[in-house]
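Residue-level listing of the chains:
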Amino acid sequence: YLGISRCNVVLDRIDASTLDAVSKDQIIGEASFLRAFYYFQLVRVFGDLPLVLKEVKSTDEAFSAAPRKPAADIYAQILIDAKAATQKLPEVYTAAADKGRATKGTARTLLAEVYMTQKNFTAATTELRAVVQSGKYQLNGNYADNFSITKKNGVESIFEIQYMEG
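In this text, all values refer to a predicted model and were calculated from it rather than measured experimentally.

Basis of the calculations
Residues numbered from 1 in each chain as written. Predicted model: local features only at pLDDT ≥ 70, side-chain atom pairs only at ≥ 80, totals over all residues. Heavy atoms only, no water. Helix = DSSP H or I, 4+ residues; strand = E, 2+ residues; numbered from the N terminus. Rg over C-alpha atoms; globule rule 2.2 N^0.38 Å. Buried < 20%, exposed > 50% of the residue type's maximum accessible area, 1.4 Å probe, protein only. Contact = heavy atoms within 4.5 Å. Lys, Arg positive; Asp, Glu negative; His and termini not counted. Charge placed at Lys NZ, Arg CZ, Asp CG, Glu CD. Phe/Tyr/Trp six-rings, centres within 6.5 Å; stacked < 30°, edge-to-face > 60°. Lys NZ or Arg CZ within 6 Å of the ring centre and 35° of its normal. Axes fitted to C-alpha atoms, helices over the stretch in contact; angles between N-to-C directions. Parallel < 35°, antiparallel > 145°, perpendicular 65-115°, else oblique. Left-handed = near helix turned anticlockwise from the far one by under 90°. Nonpolar A, V, L, I, M, F, W, Y, C, P; charged D, E, K, R; others polar. Salt bridge = Lys/Arg side-chain N within 4 Å of Asp/Glu carboxyl O.

Novice: Let's hear about the overall build of the chain: which residues, and what values?
Specialist: Scanning the chain from terminus to terminus reveals 6 helices and 2 strands. Along the chain direction, N to C, the helices and strands of the chain fall in the order α-α-β-α-β-α-α-α. In terms of overall size, the chain behaves like a compact globule, its C-alpha atoms giving a radius of gyration of 17 Å where 166 residues would be expected to give roughly 15 Å. Dimensions along the principal axes, computed over C-alpha positions, put the chain at roughly 55 × 40 × 35 Å. Burial analysis of the chain (166 residues in total) assigns 32% to the buried set. Residue pairs in contact within the chain that sit at least 24 positions apart in sequence constitute 55% of those at least 6 positions apart. Computing the positive centroid from 20 side-chain charges and the negative centroid from 19, the chain places the two 3 Å apart.

Okay, here's the thing in structure tokens:
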């Protein structure tokens, strides 16, 4: 929920920022993707959950704003956020510092996984075809490359969390 809270803060405050439109779209896309990702992890384990979609500014507000919602409501919001992310995120990032960030393909893959969880295989197929047909991803020639530290963020990588040493 800490991650969800941070996404809510970003999404609630982004319009007031002085960032350019391209940067705002990227940030909205990333925050929407991450909120969908976090809720997807939670709903699969716990089912019904509190659904918090706005910045919580006090303890009282937290308890009044967060009644448990049915899993179907959580999934509906996940789909809204993931679809928003597909509209706002770029196809790729070119700068090395941006490797591992969520892209349009990342959001489409999350959408497909949500659809498969809901047994909506037709919608999942549509999203996965779009990822494959984008030409941005392909399978590694050597399967072991997926586990090599020296081959991080390769052509097969759709989303990799970047860890820092130390």
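Novice: Mind laying out the packing of aromatic side chains, listing which residues take part and the relevant values?
Specialist: The full count for this structure, using the stated rule, is 7 aromatic pairs. Between F37 and F159, the aromatic rings sit 6.0 Å apart at their centres with planes inclined by 65°, giving edge-to-face as the arrangement. Remark: F159 occurs in the segment after α6 (121–133) and F37 occurs in helix α2 (residues 21–46); sequence separation between them is 122 residues. Under the relative-accessibility criterion, F37 is labelled partly exposed at 22%. Following the ring pairs from residue to residue traces out a cluster consisting of F33, F37, Y38 and F159. The ring centre of F40 lies 4.0 Å from the NZ or CZ of R44, which sits over that ring. The ring of Y93 carries the charged tip of R101 above its face, separated from the ring centre by 5.5 Å.

Novice: Lay out the packing of helix α5 (residues 104–117) against α6 in plain terms, naming residues and giving numbers.
Specialist: Two elements in contact, α5 and α6, have axes separated by 8 Å at closest approach and are oriented at 160°. Judged by the inter-axis angle, α5 sits roughly antiparallel to α6. Judged by the sense of rotation from one axis to the other, the crossing of α5 with α6 is left-handed. Residues G105, R108, T109, L111, A112, Y115 and M116 of α5 touch α6, and the partners they reach there are F121, A123, A124, E127, L128, A130 and V131. For the contact of α5 with α6, the per-class residue count stands at 10 nonpolar, 2 polar and 2 charged.

Novice: Tell me about the environment of F147, and name the residues and values.
Specialist: Among the structural elements, F147 can be located in the segment after α6. Accessibility expressed as a relative area gives 61% for F147, which makes it exposed. For the pair F147 and S157, spaced 10 residues apart in sequence, the C-alpha separation works out to 11 Å.

Novice: Kindly report on the pattern of salt bridges, identifying the contributing residues and their values.
Specialist: All chains considered together, the criterion is met by 9 salt bridges. The salt bridge involving D81 is made with R35; its shortest N-O contact spans 2.8 Å. Remark: R35 occurs in helix α2 and D81 occurs in helix α4 (residues 71–88); sequence separation between them is 46 residues. Judged by its relative accessible area of 3%, D81 is buried. Judged by its relative accessible area of 7%, R35 is buried. Residues R108 and E127 are paired through a salt bridge, measuring 2.6 Å at the closest nitrogen-oxygen approach. Taken together, the residues span a long stretch of sequence, with R108 in helix α5 and E127 in helix α6 at a distance of 19 residues.

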